[in-house]
Amino acid sequence: MRKVVKFGGSSLASAEQFKKVGSIIREDEERKFVVPSAPGKRDDRDTKVTDMLYGCYALADADQDFSAELKAIEARYQQIIDGLELSLSLEEEFAVIRQMFLDKAGSDYAASRGEYLNGIIMAAYLGFAFVDAAQVIFFNENGDFDGDRTNEVLSARLADCESAVIPGFYGSMPDGRIKTFSRGGSDITGSIVAKAIKADVYENWTDVSGFLIADPRIIQNPEAIDVITYRELRELAYMGVPVLHEDAIFPVRQQGIPINIRNTNAPEDDGTWIVGSTCQKSRFVITGIAGKKGFCSVNIEKDKMNSEIGFGRKVLQAFEDNGLSFEHVPSGIDTMTVFVHQDEFMCKEQKVVAALHRMAEPEAIEIESDLALVAVVGRGMKSTRGTAGRIFSALAHNNINVKMIDQGSSELNIIIGVTNEDFESAIRAIYDIFVIAQL
């Protein structure tokens, strides 16, 4: 097997964390391609190196003295080097960085140096080749990732490497300028490398042992998700679960490469596997529960609206014309309800109402605020009878009034609308009936 391993900032925040990473890599000879992030926070009071670099460059860009800030960054890396007992000097690298800052090389260049320098240290510590991401990951003239060129060059470059460290987060523009990924940078780089070497597994190491069935701020010590499909992951991400960015998933999903989310501080944990499809049944009927507060519903009533061609288009046009997107649109014979984000809707409320009256000529419009949406997601729901009934029974038992129900035709998820006040109680009730009751 061939594995690509990516380590997040918390996994590389100090020499002690570096040693944990080194042990993880060395205990499995298949972990030959490493993608490091910049050093993260060592504790809650600490500052990420990337943020330090942004602050330092802001001073340079404003023609202010940034010597002290750059020395603080250099000292941070020197602590890691000394802790690993490496005979490595970054003095020349920092001299180049200083000059590039004076030359106003740009904030993307500044931010990328966190991964770049950590990559040099990681390569020296492991005895792996160092491959500068700027030489193998490319963006086009518009600043968009150039996947075809990157895959061609990166595949050829890594074919000559038995093992290598490729820094995450950045690449280069056609003119050679450094360009960073906008979100999930190092995760994206790891996925790109996995595709290039046709890896069997992409391991993404962070500070949690995979994904949890529910928010630990609401459910105490929730169970972990063993296996999740990309489709389930998208549904949970849509409801605000902090998961890998879609751009970090696409390259490996395209190649059928599974992702394994692991914990650097608990390497014995299996973590969560993200796969395209699977015949493995999840431990529970549901895979995950997620949700968001802060919605409002706009209920439009009109007799025989179901027989009026174009009625739904007219209703949604009123929202579109005011720059509002909708979340869900449950409907009946004479009613149609549009769920929207409350904070976006409030300042445009009367404009939308006027547009609805003008375009759709409804008999009544009712608006309800302070609502929340809860998504129950799971590939096992399709083959299990009575899932919806169990959900609503649990909610009724806890005196929670359901404001809206929406189930997709794929039967992969059920969306329930409740009041903001009942949000946490609803998640606990659903978790109890599907997880606690089965333990």
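Look up: the structure comes first, before these words.
Presented here is an overview of the structure given in this document. What you see is a predicted model; the values in this text were computed from it and never measured.

## A short note on the sheet that holds strand E11 (residues 288–301)
And step 1. On the basis of which strands lie adjacent, the open sheet formed by five strands has the order E12-E11-E13-E15-E14 and antiparallel pairing. Each edge of the sheet is formed by a strand with only one pairing partner; in this case those strands are strand E12 (335–341) and strand E14 (404–407). Going from strand to strand, the sheet's axes swing by 35° on average, the running direction of each strand aside.
And step 2. By the bridge criterion, seven bridges tie strand E13 (residues 364–377) to strand E15 (residues 413–419) in an arrangement that is antiparallel. By the bridge assignment, Val-374 is partnered in E15 with Ile-416.

## With respect to the packing of helix H7 (residues 185–196) against helix H9 (residues 246–255)
And step 1. Running from N to C, H7 and H9 point in directions that differ by 15°, and their axes come no closer than 7 Å. Judged on the interaxial angle alone, H9 and H7 are roughly parallel. Seen from above, H7 lies across H9 with left-handed handedness. Residues Asp-187, Ile-188, Ser-191, Ile-192, Ala-194 and Lys-195 of H7 pack against Asp-247, Ala-248, Ile-249, Pro-251, Val-252, Gln-254 and Gln-255 of H9.
And step 2. A breakdown of the residues in the contact of H7 with H9 according to their chemical character gives seven nonpolar, three polar and three charged.

## Some words on the layout of surface pockets
And step 1. Quantified by volume, the second largest pocket comes out at close to 300 Å³.
And step 2. Taken together, 18 residues line the second largest pocket, and the ones lying closest to its centre are Phe-145, Gly-147, Ile-192, Phe-250 and Pro-251.
And step 3. Those elements giving two or more residues to the lining of the second largest pocket turn out to be helix H6 (147–159), strand E6 (178–180), H7 and H9.
And step 4. Of the residues in the lining of the second largest pocket, the class split is seven nonpolar, seven polar and four charged.

## Regarding the packing of aromatic side chains
And step 1. The full count for this structure, using the stated rule, is eleven aromatic pairs.
And step 2. Ring geometry for Phe-7 and Trp-205: centres 5.8 Å apart, planes at 20°, overall stacked. Here Trp-205 lies in strand E7 (residues 201–206) and Phe-7 lies in strand E1 (residues 3–7), a separation of 198 residues in the sequence.
And step 3. For Trp-205, a relative accessible area of 0% translates into the label buried.
And step 4. When the centroid spacing of 5.8 Å and the interplanar angle of 50° are considered together, the rings of Phe-66 and Phe-101 count as tilted. Taken together, the residues Phe-66 in the loop between helix H2 (49–61) and helix H3 (67–83) and Phe-101 in helix H4 (residues 91–102) connect sequence positions 35 residues apart. Considered together, Phe-66 and Phe-101 belong to a single accessibility category, that of buried residues.
And step 5. When the ring centre of Tyr-116 is taken as reference, the NZ or CZ atom of Arg-113 above it lies at 4.2 Å.

What counts and how
- Residues numbered from 1 in each chain as written.
- Predicted model: local features only at pLDDT ≥ 70, side-chain atom pairs only at ≥ 80, totals over all residues.
- Heavy atoms only, no water.
- Pairing = 2+ DSSP bridges.
- Helix = DSSP H or I, 4+ residues; strand = E, 2+ residues; numbered from the N terminus.
- Axes fitted to C-alpha atoms, helices over the stretch in contact; angles between N-to-C directions.
- Parallel < 35°, antiparallel > 145°, perpendicular 65-115°, else oblique.
- Left-handed = near helix turned anticlockwise from the far one by under 90°.
- Contact = heavy atoms within 4.5 Å.
- Nonpolar A, V, L, I, M, F, W, Y, C, P; charged D, E, K, R; others polar.
- 1 Å grid on protein atoms, 1.4 Å probe; cavity = no way out; pocket = protein on both sides within 12 Å on 5 of 7 lines; lining within 4 Å.
- Points joined across faces, edges and corners; volume = space filled by probe spheres on them.
- Phe/Tyr/Trp six-rings, centres within 6.5 Å; stacked < 30°, edge-to-face > 60°.
- Buried < 20%, exposed > 50% of the residue type's maximum accessible area, 1.4 Å probe, protein only.
- Lys NZ or Arg CZ within 6 Å of the ring centre and 35° of its normal.

Interpretation note: all reported values are geometric properties and have no functional meaning in isolation.
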